Amino acid sequence: VPSTSTQSPPLRLGLRACCALPPVKMVKFTIEEIRALMDKQDNIRNMSVIAHVDHGKSTLTDSLVAAAGIIAMENAGDQRLTDTRADEQERCITIKSTGISLYYAMEDEDLKDYKGARDGNDFLVNLIDSPGHVDFSSEVTAALRITDGALVVVDSVEGVCVQTETVLRQALGERIRPVLTVNKLDRCFLELMLDGEEAYQGFERIIENANVIMSTYADEKLGDVQVYPEKGTVSFSAGLHGWAFTLRSFAQLYAKKMGADPEKMMQKLWGANFFDPATRKWTKKDTNSGTCKRGFVQFCFEPIKNVIDTAMKDDKEKLFQMLEKLNVLGKLSGEDKELSGKPLMKRIMQKWLPAHEALLDMIIHQLPSPRAAQKYRVENLYEGPMDDVYADSIRKCDPNGPLMLYVSKMIPASDKGRFFAFGRVFAGKIGTGQKVRIMGPNYIPGQKKDLYIKSVQRTVLCMGRRQEAVEDVPCGNTVALVGLDQFIMKNATLTGEKNDDAHPIKAMKFSVSPVVRVAVECKVASDLPKLVDGLKRLSKSDPMVQCTIEETGEHIIAGAGELHLEICLKDLQEDFMGGAPLRISDPVVSFRETVSDTSDHMVMSKSPNKHNRLYMQANPLEEGLSEDIDEGKISPRDEPKSRGKFLAEKYGWDKEIGAKKIWCFGPETTGPNLLVDMCKGVQYLNEIKDSCVAAFQWATKEGPLAEENMRGIRFEIHDVTLHTDAIHRGGGQIIPTCRRVLYAAELTAKPRLMEPIYLVEIQAPEQALGGIYSVLNQKRGMVFEEVQRPGTPIYNIKAYLPVIESFGFTSTLRAATSGQAFPQSVFDHWELMPSDPLQEGSQTNQFVLDIRKRKGLKAEPSPLSEYEDKL
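Residues numbered from 1 in each chain as written. Predicted model: local features only at pLDDT ≥ 70, side-chain atom pairs only at ≥ 80, totals over all residues. Heavy atoms only, no water.

Visitor: Quick one: what's the story with the nonpolar core, residue by residue and with numbers?
Guide: Most often, soluble globular proteins keep nonpolar side chains buried together rather than apart. Among the nonpolar cores identified, the biggest contains 96 residues, and Ile430, Leu494 and Ile557 are the most heavily contacted of them. Those residues in contact with Ile430 that sit more than four places away from it in its chain are Leu403, Leu405, Val425, Val436, Val456, Thr459, Asp472, Val473, Val479, Leu481 and Leu494. Counting 66 residues, the second largest nonpolar core, distinct from the first, contains Ala150, Ala199, Phe245 and Ala251. (Core = buried A, V, L, I, M, F, W, Y, C linked by side-chain atoms within 4.5 Å. Buried < 20%, exposed > 50% of the residue type's maximum accessible area, 1.4 Å probe, protein only. Contact = heavy atoms within 4.5 Å.)

Below, the structure is given as structure tokens:
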């Protein structure tokens, strides 16, 4: 094949890839072949690539894509095919998760060790490349929901970072089996110049750190999820140069030479196994003779090091002799031999240890097929009873059962304003023109709310930037649907139109919450309809973002952080509004109101007709209880007895109160505030319960200080005096009274504000530490951990930083440390602000006045006398 390096028309890519890689037959696969494979469930792998930001996910994905013949091997690593948007290519970060289906024809030789069920030698890998930024971790959740396995990428120099832990926790929460690859090995050879033993210690430490996280969050249904190099669940890769190896690839090489069993050889290549070539014996400990070395170092690390060093020195005679021994020389073309230095090294390594072989070996051998995975994932997926026909067909992954499909995200299509619904079929089949029931997130079985019955216009496959139409898609595969975008907000469950007793699939839990908000308005009033339409589309396109309209008429967009908001606003302006100019306010942070003490006296309010009196007190909730309510360990739907027991054991509540006397949670009926009934023998109490609950929801959503949500308050109703005549104690009398008494109770219990706090992890070299500390001190930050990473000059600093101070934090930090520090921030918890918001001149008081001014309320918070009545 003549060289096509200058111009590479897509037609010749297929040819090129065939010639480059003799071992795996490369055919430009057709959609028909893929469709045929979709029915063979044992040969499907659904996987996502997850990692910390900039650890090389998209780059590594490229070599897998190249192996399937979609892009040329030479370009792999630089093209980043899965970064489809222009701003992703420009900034070199992934923003949206992208799906791509790859078809591999494997040889019998490669599969002889494969123990699982399979049907033929062809495999279909549905791969989703996900972003690594904390701000986009909702995209990761959406990707994980529709896959069964995850390839966790860790940088060999930086090790396991904060976001690695977050994504691993999300993956294990969804019961997804992880395999690990230690990436950027080329840095070990070319930058750090490590010797074998140091490198081995570094790898071992990384794998150990990852295993600690995995065993912490593991689920007993998954079994052992820890990864071990000698079992083939860890690979070592250099994504940019396109090479990788597992211990199996080396074991097979040496087993032939030494006449040993490859399985035994694999065990010897990791851990405390030393080999002395002089005596040709394996020992368990180092014998300290000059020739004795650890197995991994001697058989894996040093051969690679020698090849790389010789290639970099351009010593071609010696190099070609080495390659002859490794059977690599024959794979190099005449042009390849002309190269020198780094390009030569890259080409040789790609031919000797191609990345896709090691990764595919791991994906096919270690990750589960849909049929295996859905057996243990069904409990986490399906909301209804575990023994009905739907749960059963999900468990069996049955293509002839009723349809169950979960749409996890909406992908913007090329024509403006339309979306593909991207999801995965868990049971049954979905086809073009089929009628489906669409159950939204608020659907309750048996009701009509949030339910549509519509037909699917087309079913398509995602191929990175292109979509390919197919007739129908059976279960176990990912699919994109056309024509349902008007009826699905962010995610939904689809079933067949007759299956009206099906329950939806559980909604996804996101690990971050949208705490940063901006208000947007049009510069030109006539663009308002465009804005409203644009906001609708924006909230579809991103699983996390929230678009609301305040009572003041502002349009508010809430996101997970500064970067997330910036991308959302850019999308809104350029894609969804056609470039209409917008006025964007400074970012606003939502606070929470709380109390720090019990009310200093019993508070009483009378109803407008003076016939009903309510007596109440407010207490702060116990430490940790609000978090438990946030995580859903305690919820209004719990079985009352078990809830009472939990509260009694963990927080020392009275069992009766915890079980029977909690009237409701608020705001939104699930928030971390409680209304508790402490009355003894009051007449007609149950009749006003609904009115009190309504007032409580209203009051907890807009507190008395600045109309922010309340958090962590327990309101106790102590006594109620009611009029005997039912007409005089209706909602109109009780609701305003109850709201006033709730406000009065909060104001008498030393009210405080709570602010959201980020956990910031900063990586920086030692000389930058001074700058980091000074910036954190200006911004009210607090460092609580500082660790030097063993074997590198880099420090890891963890600190708490108030969200309100975090705007422009990144740029200030980079300026102070001349660009050496890399911060990553993720929402962590709510922190009590110590000063009194009602005392003039305090910092919190200033915050309250600012918020009230922004919301257009009257400047000062109302005094207590407005809410409390005297007898």
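Visitor: Can you lay out the sheet that holds strand 8 (residues 274–276) for me, pointing to particular residues and giving the numbers?
Guide: Spatial strand order, 9-8-10: three strands in an open sheet with antiparallel pairing. With partners counted over all chains shown, the strands left at the sheet margins are strand 9 (281–283) and strand 10 (293–294), one partner each. (Pairing = 2+ DSSP bridges. Helix = DSSP H or I, 4+ residues; strand = E, 2+ residues; numbered from the N terminus.)

Visitor: Lay out unusual backbone geometry with the relevant residues and their values.
Guide: The residue after Gly666, namely Pro667, is reached through a cis peptide bond having omega -10 degrees. Mapped onto the fold, Pro667 is located in the loop between strand 29 (662–666) and strand 30 (673–677). Of note in this structure, Arg175 is not a glycine but carries a positive phi near 60 degrees. A residue is classified by how much of its surface remains accessible, and Arg175, at 6% relative accessible area, is buried. Located in the positive-phi region is Arg780, a residue other than glycine, with phi close to 60 degrees. Along the polypeptide, Arg780 turns up in the loop between helix 26 (769–778) and strand 34 (782–788). Residue classification places Arg780 among the partly exposed positions, given a relative accessible area of 29%.

Visitor: Tell me about the side chain of Asp276, and please be specific about residues and values.
Guide: By secondary structure assignment, the location of Asp276 is in strand 8. Although Asp276 is buried, it forms no salt bridge, and the closest oppositely charged side chain is Lys281 at an N-O distance of 9.4 Å. For Asp276, the side chain forms a polar contact with the main-chain nitrogen of Ala278, separated by 3.0 Å. Apart from the residues lying within four places of it in its own chain, the contact partners of Asp276 are Lys281, Thr287, Ser289, Thr291 and Cys292. (Lys, Arg positive; Asp, Glu negative; His and termini not counted. Salt bridge = Lys/Arg side-chain N within 4 Å of Asp/Glu carboxyl O. Polar contact = N/O pair within 3.5 Å; in protein donor to acceptor, adjacent residues only side chain to side chain.)

By themselves, these are just geometric observations and shouldn't be taken as functional.
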